[in-house]
There are 2 protein chains.
Amino acid sequence: MKATNKNIDLKSFKVNDGFFSPIRKLVKDVVLPYQHDILEDNVEGAAKSHAIENFRIAAGDENGTFYGMVFQDSDVAKWIEACAYSLALYPDAKLEKTVDDIIDIIGRAQLDDGYLNTYFTVKEPEHKWQNLHECHELYCAGHMIEAAVAYYEATGKDKLLNIMIRMSDLMYKVFITDKNPELAGAIPGHPEIELALMRLYHLTGNDKYLELTKLFIDNRGNEPNFFETETKRRGWEHFHMNYNDKEYAQNHLPVRKQTKAAGHAVRAVYLYTGMADLAGATDEKELFDACETLFDNIAEKQSYITGAIGSTHHGEAFTTDYDLPNDTIYAETCAAIGLIFFADKMLTLKPSGKYADLMERALYNGVLSGMQLDGSRFFYVNPLEVNPGISGVYGNYRHVLPERPKWFGCACCPPNVSRLLTSLGKYVIHHNDDTIYSNLFVGGKADIPLASGNVTLTVTTDYPTGGVVKYTFDEVSDSEITLAIRIPWFTYDEDGKTSCVLTHNGKTLDVNNITNDGYAYISDIFKSGDEIILSMELTPVKMYANTSVRYDVNNVAIMRGPIVYCFEGADNTDGALQEYGITADAKIKEGAPMDIIPGTTVIPLIIDGYTKKLSGKLYSTVAPVTTPATLTAIPYYTWGNRGLNQMRVWMHLF
Amino acid sequence: MKATNKNIDLKSFKVNDGFFSPIRKLVKDVVLPYQHDILEDNVEGAAKSHAIENFRIAAGDENGTFYGMVFQDSDVAKWIEACAYSLALYPDAKLEKTVDDIIDIIGRAQLDDGYLNTYFTVKEPEHKWQNLHECHELYCAGHMIEAAVAYYEATGKDKLLNIMIRMSDLMYKVFITDKNPELAGAIPGHPEIELALMRLYHLTGNDKYLELTKLFIDNRGNEPNFFETETKRRGWEHFHMNYNDKEYAQNHLPVRKQTKAAGHAVRAVYLYTGMADLAGATDEKELFDACETLFDNIAEKQSYITGAIGSTHHGEAFTTDYDLPNDTIYAETCAAIGLIFFADKMLTLKPSGKYADLMERALYNGVLSGMQLDGSRFFYVNPLEVNPGISGVYGNYRHVLPERPKWFGCACCPPNVSRLLTSLGKYVIHHNDDTIYSNLFVGGKADIPLASGNVTLTVTTDYPTGGVVKYTFDEVSDSEITLAIRIPWFTYDEDGKTSCVLTHNGKTLDVNNITNDGYAYISDIFKSGDEIILSMELTPVKMYANTSVRYDVNNVAIMRGPIVYCFEGADNTDGALQEYGITADAKIKEGAPMDIIPGTTVIPLIIDGYTKKLSGKLYSTVAPVTTPATLTAIPYYTWGNRGLNQMRVWMHLF
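Let me begin by describing the structure that accompanies this report. (Residues numbered from 1 in each chain as written. Chains lettered and ligands numbered in written order. Predicted model: local features only at pLDDT ≥ 70, side-chain atom pairs only at ≥ 80, totals over all residues. Heavy atoms only, no water.)

## Focus on helix α8 (residues 193-204) of chain A
(1) Moving on: Relative to the 16 Å expected for 12 residues at 1.5 Å per residue, α8 of chain A spans 16 Å between its end C-alpha atoms, a close match to the ideal helical length.
(2) Moving on: All buried positions along α8 of chain A are accounted for by I193, E194, L195, A196, L197, M198, R199, L200 and Y201 of chain A. (Helix = DSSP H or I, 4+ residues; strand = E, 2+ residues; numbered from the N terminus. Expected span 1.5 Å × (residues − 1). Buried < 20%, exposed > 50% of the residue type's maximum accessible area, 1.4 Å probe, protein only.)

Written out as structure tokens, the structure reads:
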């Protein structure tokens with residue numbers, strides 16, 4: 001299963017999109033500077049970060065001690081990575097200077113042998129490589145490798161890259177060359193190094209990084225349990241993690257035998273991403289098949305309608321098939337982002353609509369909801385139901401905050417959102433020798449190096465507001481090439497026929513005939529000026545969950561195209577949200593445009609429904625009183641922007 | 001608010017009831033011997049108890065060390081109390097000898113100054129009275145006082161009573177006479193001593209015990225926080241409890257200011273029981289009003305339809321009004337039992353139907369469900385929904401076991417069920433100078449000492465199978481007396497008119513005219529042979545929850561009389577239970593009698609309904625397929641007796 005498809009180079013797709021460009025601008029102008037202030041502890045009222053200061057202390061620039069989580073370094077790494085993606089398209093000398101200065105500090109924080117990790121350098125220098133289970137050494141290295149690769153690709157500057165090559169070479173020595181028996185069977189507690197080393201391998205072509213990735217992936221799930229051996233030898237603990245909880249770190253079975261997404265959701269999808277990348281690089285069908293099985297399990301049994309994953313805060317984890325509670329959910333922003341990484345990697349191996357469909361679902365819903373519309377606050381947990389006074393307060397709901405906080409002590413999610421949004425372009429278009437894949441409908445101009453020559457393609461669309469996507473060829477190849485356009489899941493009828501219309505220079509194509517596995521393939525010797533237009537009807541629809549999902553039975557959700565809608569108390573004031581319901585035949589209309597916050601206007605959906613109310617007694621033989629009521633829905637990603645109020649995605653079916 | 005009504009003396013009401021007599025016989029013949037075996041560690045596969053052995057070690061009869069929870073002694077106490085109630089009506093020389101022998105051990109385990117607690121005597125003798133917050137010293141004393149009072153009342157033997165009088169006198173010295181500044185403001189972490197000292201006060205008339213009760217009740221919720229002072233002074237911890245979590249132990253406000261049931265549910269209702277008893281003894285309206293407010297809050301905002309309480313396993317606690325999840329519920333058996341104690345005590349102060357209605361609801365549902373029908377296994381948690389493969393397995397559901405285990409390491413519930421069921425008679429009838437209150441419809445023969453003379457009354461009923469209760473006077477008084485019969489909640493229409501029929505020697509009474517606050521008052525100079533007959537129609541009804549209970553909206557439960565029904569997978573095999581639904585107008589029929597286990601026959605309820613199924617995709621625009629289906633419901637208290645299967649009380653309303 002050789003990976004034949006590649007992401008478009010970030011610099012080669014200039015996003016110009018009504019929906020995403022303002023968000024990217026927000027990230028560039030507001031979020032990245034804000035996050036820098038956070039990392040430097042300049043934001044009052046936000047949880048302390050100390051992340052850059054840790055590097056300064058490790059570098060000897062400042063006195064002091066390490067503060068924060070054992071993986072605090074990764075916050076800096078993800079922020080640098082996000083800056084790199086932003087700089088790739090939007091040069092910004094001031095930002096670049098800030099990053100360069102931080103890279104200088106990082107360089108000084110690196111030890112002579114290449115070792116880089118401020119927690120161990122400053123706090124426990126005698127404990128290096130002794131607690132892979134709990135201490136995120138390889139995880140932090142992975143994130144810094146990603147940052148290094150991204151910064152090199154964006155700016156051509158190789159200082160951070162060389163730092164991380166030295167660190168990677170040290171890891172190769174420690175885990176392979178040294179043949180240290182104590183590290184036989186070693187695996188990281190939190191996968192990330194695997195996908196990162198693969199990026200370094202793709203950039204450098206150095207087989208050592210592929211070999212090290214394969215070692216970590218092949219070791220996972222083997223007996224004896226490395227975490228147990230390591231814990232017993234070492235005699236000290238950091239988080240008091242239970243090495244017998246093997247599922248938590250996907251260590252319960254060899255990865256090729258795993259069939260159900262399990263354990264900590266972020267760890268899982270980061271691991272699967274690395275596995276998919278490795279399968280593509282080594283042309284290994286067994287590993288690819290395992291990845292596809294795991295992806296299908298997530299897509300069809302363990303993901304929320306928003307593309308979120310992780311059903312429980314106990315271990316921030318998957319639980320089991322169809323167990324998808326809405327109000328005690330975990331649904332970490334990072335997990336939805338990791339799912340996009342995984343789906344993207346699968347698309348490079350096999351262009352199937354299912355991967356792009358779920359990638360899109362996660363992007364427009366479970367990821368975007370992680371950030372306040374003004375870029376200043378972030379969710380870690382992205383619930384499908386919140387109830388003020390309970391969510392964020394009591395027992396099982398304590399982690400489900402009803403409003404986004406400014407920052408988190410464990411701040412993995414905010415910089416992850418930044419790097420995903422700034423690198424969005426690379427997910428939009430894939431290509432191989434002679435085919436261009438349009439995975440996501442995001443406007444912009446792409447320069448694509450096909451085997452027969454460069455092709456320039458402009459994508460124009462008002463998606464997801466509208467359903468028309470126009471592809472205009474500018475520079476073209478002399479040979480026949482193929483434009484493969486994803487035909488999204490919501491355009492198919494029950495018989496699998498799409499209602500999309502595709503035209504080529506005004507001539508309608510037989511879209512169902514040219515569509516295979518979710519992509520319509522249009523092959524031609526295109527001429528400059530050729531126009532392909534995809535037209536989709538973005539009709540609001542009622543969505544039903546598989547009735548094995550017991551939380552959603554007798555409920556209905558609303559979607560329009562890729563956008564999941566939700567209901568907030570702010571718009572629905574005739575009762576508590578759970579008192580509202582919709583009938584199966586209710587019409588869904590578009591309402592007048594409304595501002596969620598100044599500058600963010602949405603078209604709400606209006607549905608005639610009912611409230612059912614029973615008050616007074618706690619239990620009664622008297623049925624609730626049914627009253628006609630109008631329901632107003634807004635896009636899920638815009639929820640929680642208007643102060644504390646109730647929110648639901650799934651509404652009762654009356 | 002003087003308590004004018006009294007429980008009937010246990011020996012004066014000989015239960016002879018089609019429903020309860022077999023259960024009481026089971027407790028006598030199976031459960032009490034089984035629990036004795038457990039306490040002596042003679043049951044293979046059950047969690048280790050060591051509870052009697054702890055007393056032997058404390059007595060110096062055996063060598064060894066204390067094993068178990070810090071409150072392990074209370075298991076022995078509750079078992080002795082249950083034996084006492086059983087012996088009160090069913091003399092059993094062998095059982096009495098067993099108890100006497102254990103009491104001898106307990107006597108030898110008591111220290112010279114009266115102190116009795118095996119944990120502290122054996123394990124931490126230097127730590128007595130230093131950790132009232134965590135260490136259950138007063139709790140264990142309370143349970144042993146209850147056992148002592150019960151055993152004296154049942155057998156006339158005063159050995160255990162004198163042991164506990166010495167212990168109580170020691171407590172009076174420690175907490176009052178000594179004026180120890182370190183114990184100023186002292187309160188127990190787990191209320192129980194209050195209600196127990198009140199029992200000792202009622203038996204002995206010794207004001208010291210009333211004074212000590214009042215001290216503990218008045219101290220609660222005051223500043224400074226006693227638990228904080230105590231913890232900081234002592235410098236050691238047992239359970240690492242957080243003294244700032246004041247609600248957990250009802251220590252957040254002075255008790256007279258508390259308006260919402262809060263914190264650990266068992267602690268709460270034990271405390272409220274003591275408060276109500278004290279209010280009645282001291283004729284204090286403010287304290288009574290607080291009790292009534294708290295009771296109303298439970299009854300109308302914080303209890304399950306089964307009479308269970310405790311919405312979350314986090315702190316085994318109440319959460320907030322209307323937060324009543326069915327599948328992550330706590331609903332500890334002990335809490336439902338404690339609610340019966342509280343309701344009973346309120347009835348002695350104010351005979352209002354609301355107290356007896358909730359007492360009955362808890363008894364027939366949330367308490368009885370705690371015990372396997374064969375008496376061999378017990379639930380701690382009594383859920384309203386279980387899903388095999390999830391309940392008892394994952395995160396928020398881990399504590400919700402889908403089948404009863406044999407015993408628990410923390411075994412408060414099983415002996416609590418025993419003592420409640422063996423003492424059932426005393427809740428059935430209350431009386432004051434000239435009125436007999438019939439609170440629960442349990443058959444038997446009552447000898448009641450009214451002011452004008454003894455009255456003998458025989459109650460004959462097939463309740464809750466049938467709805468006819470016959471009261472026959474035998475020995476009568478010469479004066480006018482009153483028989484007050486509870487008119488249950490389920491007989492009233494929306495206008496508050498009851499459909500009950502009451503006859504006096506065949507003559508129909510104007511029941512609505514003589515009913516006040518849930519009791520019908522029939523006053524007469526009764527003659528021997530006089531018959532009062534109460535006839536209730538026990539029609540199965542659909543129950544709806546207040547729509548503030550978001551878990552139950554658009555759902556329906558089934559009750560018949562006091563019995564809540566549930567649906568088990570064993571009887572409903574056309575799909576998963578959540579796929580079933582009932583329409584608002586569905587007829588409910590009685591099915592053919594069926595054996596749940598040999599010897600326990602129930603009349604199932606049969607309802608024509610539907611299944612709605614959607615399989616394949618996880619989310620779809622296609623609505624689930626509706627198919628007619630027949631639903632079978634069985635009494636909730638019989639659930640979980642036929643192996644592992646799904647169970648729900650609330651079913652979808654289609």
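Moving on, there is more to tell.
## Focus on the side chain of S168 of chain B
Residues and elements named next belong to chain B.
(1) Moving on: Mapped onto the fold, S168 is located in helix α7 (residues 159-177).
(2) Moving on: Within polar-contact distance, the side chain of S168 engages the backbone oxygen of M164 at 2.7 Å.
(3) Moving on: If we ignore the near neighbours within four places in the chain, the residues touching S168 are I145, L197, L200, Y209 and L212. (Polar contact = N/O pair within 3.5 Å; in protein donor to acceptor, adjacent residues only side chain to side chain. Contact = heavy atoms within 4.5 Å.)

## What about the sheet that holds strand β4 (residues 429-431) of chain A?
Note on sheets: strands pair through backbone hydrogen bonds, and any given pair is parallel or antiparallel.
All names here are of chain A.
(1) Moving on: Judged by pairing direction, the sheet is mixed, and its six strands sit side by side in the order β1-β4-β5-β9-β13-β12 without closing on themselves. With one partner strand each, in any of the chains shown, β1 (6-7) and β12 (515-516) form the two edges of the open sheet.
(2) Moving on: Pairing geometry for β1 and β4, over two bridges, is antiparallel. What sits directly across from K6, in β4, is H431. (Pairing = 2+ DSSP bridges.)

## Observations regarding the relation of the copies chain A and chain B
(1) Moving on: Once turned by 180° and shifted 0.0 Å along the axis, chain A lies on chain B with an RMSD of 0.0 Å. In the structure described here, the two chain copies are related by an operation that fits a two-fold rotation axis. In terms of C-alpha distance to the rotation axis, chain A has N396 of chain A as its closest residue, with the C-alpha 3.3 Å off the axis.
(2) Moving on: Counting the interface residues of chain A, we find that 100% of their copies in chain B are interface residues as well, pointing to one common contact surface. (Least-squares fit on C-alpha atoms with pLDDT ≥ 70 in both.)

## Overview of the interface of chain A and chain B
(1) Moving on: Listed as interface residues are 62 residues of chain A and, on the opposing side, 62 residues of chain B.
(2) Moving on: Connecting chain A to chain B are two salt bridges.
(3) Moving on: Along the contact surface separating chain A from chain B lie 30 residue pairs in polar contact (both at pLDDT 80 or more).
(4) Moving on: Elements that contribute at least two residues to the side of chain A that touches chain B include exactly α12 (285-301), β15 (540-545), β22 (605-613), β23 (619-620) and β26 (651-653) of chain A.
(5) Moving on: Classifying every residue of the side of chain A that touches chain B gives 26 nonpolar, 21 polar and 15 charged.
(6) Moving on: Pairing of β23 of chain A with strand β15 (residues 540-545) of chain B involves two bridges; the strand directions are antiparallel. Of the residues in β15 of chain B, the one forming a bridge with S620 of chain A is Y544 of chain B. (Salt bridge = Lys/Arg side-chain N within 4 Å of Asp/Glu carboxyl O. Nonpolar A, V, L, I, M, F, W, Y, C, P; charged D, E, K, R; others polar.)

Interpretation in functional terms is not warranted from these geometric data alone.
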